[in-house]
Amino acid sequence: RLVSPVVKIMAVVKSDAYGHGAVEVARVLEETGADMLAVTTVEEGRELVQNGIELPVLVFAPLLSCQAKTVLDYGLVPTIDSLAALEALARQARAQGIKAAFHLKVETGMGRSGIMPEEVGSFIKSIKSLPSLSLQGIYSHLATAMAERKEHAQKQYQVFCQVLDMFRKEKCPFEISHIANSAALLDLREMELDMVRVGTLLYGQYPSPYVKRKLDLKDPWKVKARVLSVKKLPAGSPVGYGRDYIAKKPLEVGVVAIGYADGFGQQPHTRPVKTYDLIKSTAKGLTQLARLVPVNFVRWQNKKIPVVGRIAMQLCMVDASGHNIKVGDEVSVPLRRTSAGARLPRIFFRDGSAVMVRDINGALLKCTTKFSKFE
């Protein structure tokens, strides 16, 4: 409802659909009307095709010459950002007797990948000389659409529009232009063009605190684990590897079945850019060092239960004192979805009922509405 009726929607399912399960999410997106999917790597795209996904899949990462055959074998749409990759794709398309569609990436201010605007002229000549190729799309990535100030995003958009005009002027046809991400969809509607790329919003999250709240987002993600053991320890007892935590008073320790190999406790490290950011991050670090707030925690019956000691590979310990936590109790874990281990079982719900389970080996198991009856 948010985008114009004529604008296509590319649904981004990179990084295992932000941790949710790329194949399962892609199936839902096919059913609900997405026009195209996007992943980062060839391997991610191949997984979708092998599991019966029929929507066209764009691979964001620039094509390596050695990947041309795999891309065409699986019907993926590659991103081109070099003449070498363009020519490799054309050779492979000729060898297979097909016309290969691709998207051209343009660098407009992200500083990551894409042809430079001054290279556009030579690329147009090359594209025209390669009849085995079809320029399906031209796109670029916005670096700061989620920021409070949008000046850089506007400059990127201006450069991108100039590039598109060059292709039109030189009569080098393309079907789709796209630059808008989730943040631009909310705040920079003029950038819709032919297609918008939606990622973060699909998974119940706004890109940043600075974008407009135009949607009633619902978080589809919840991580749960079981308490495996509860032990009473006397004051002075160490907890966990390295004896980093020493109990100052009698302590009841619960062992929970999740650890850093599952992604628990992992946080991205970002370098402070401004003085305010440095002060804020330093204050947060000192507060955590002084143990004034728990660095990591789980939730039991909507109560925050702090983690004590180091998080181990597949286990962690929590301070269960005074809560009557029992072996077998369920806790909710604030695990970053993109860090969630691929071997964590995933259960998928629709209309309140479980409809699919992915087990620890990645196999998909259809199930009835009751967890105990897996087919």
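Our structure's up above, just so we're on the same page.
What you are looking at is a predicted structure, and each value in this text was computed from that prediction instead of being measured.

### Remarks on the nonpolar core
Of all hydrophobic cores here, the largest spans 79 residues; its most connected members are Val13, Leu37, Leu48, Ile80, Phe102, Leu135 and Phe167. When residues in this core are grouped by element, the largest group, 6 residues, is from helix 7 (residues 151-169). Leucine 48 has contacts with Val13, Ala22, Val23, Ala26, Leu37, Val39, Ile53 and Val57, leaving out every residue within four places of it along the chain.

### Focus on the packing of aromatic side chains
Any aromatic ring pair is given by two values, namely how distant the centres are and how the planes are angled relative to each other. In total, this model carries 3 aromatic pairs according to the counting rule given. Judged by centre distance (6.0 Å) and plane angle (45°), the rings of phenylalanine 60 and tyrosine 139 are tilted. Of the two residues, phenylalanine 60 sits in strand 3 (residues 57-62) while tyrosine 139 sits in strand 6 (residues 133-139), which places them 79 residues apart along the sequence. Residue classification places phenylalanine 60 among the buried residues on the basis of a relative accessible area of 9%. With 6.3 Å between their ring centres and 85° between their planes, phenylalanine 167 and phenylalanine 174 make a pair best called edge-to-face. Seen from the ring of tyrosine 206, arginine 213 lies directly overhead, with NZ or CZ sitting 4.3 Å from the centre. Lying across the ring of phenylalanine 297, lysine 304 places its NZ or CZ 4.5 Å from the centre.

### As for helix 5 (residues 83-96)
With 14 residues, helix 5 extends 20 Å from end C-alpha to end C-alpha; this agrees with the ideal 20 Å at 1.5 Å per step. Residues of helix 5 that are buried sit in contact with helix 4 (68-73), strand 4 (77-80), strand 5 (100-105), helix 6 (120-128) and strand 6. Glycine 97 lies just past helix 5 and shows a positive phi near 70°.

Cut-offs applied
- Residues numbered from 1 in each chain as written.
- Predicted model: local features only at pLDDT ≥ 70, side-chain atom pairs only at ≥ 80, totals over all residues.
- Heavy atoms only, no water.
- Core = buried A, V, L, I, M, F, W, Y, C linked by side-chain atoms within 4.5 Å.
- Buried < 20%, exposed > 50% of the residue type's maximum accessible area, 1.4 Å probe, protein only.
- Helix = DSSP H or I, 4+ residues; strand = E, 2+ residues; numbered from the N terminus.
- Contact = heavy atoms within 4.5 Å.
- Phe/Tyr/Trp six-rings, centres within 6.5 Å; stacked < 30°, edge-to-face > 60°.
- Lys NZ or Arg CZ within 6 Å of the ring centre and 35° of its normal.
- Expected span 1.5 Å × (residues − 1).

Purely geometric numbers; function is a separate question.
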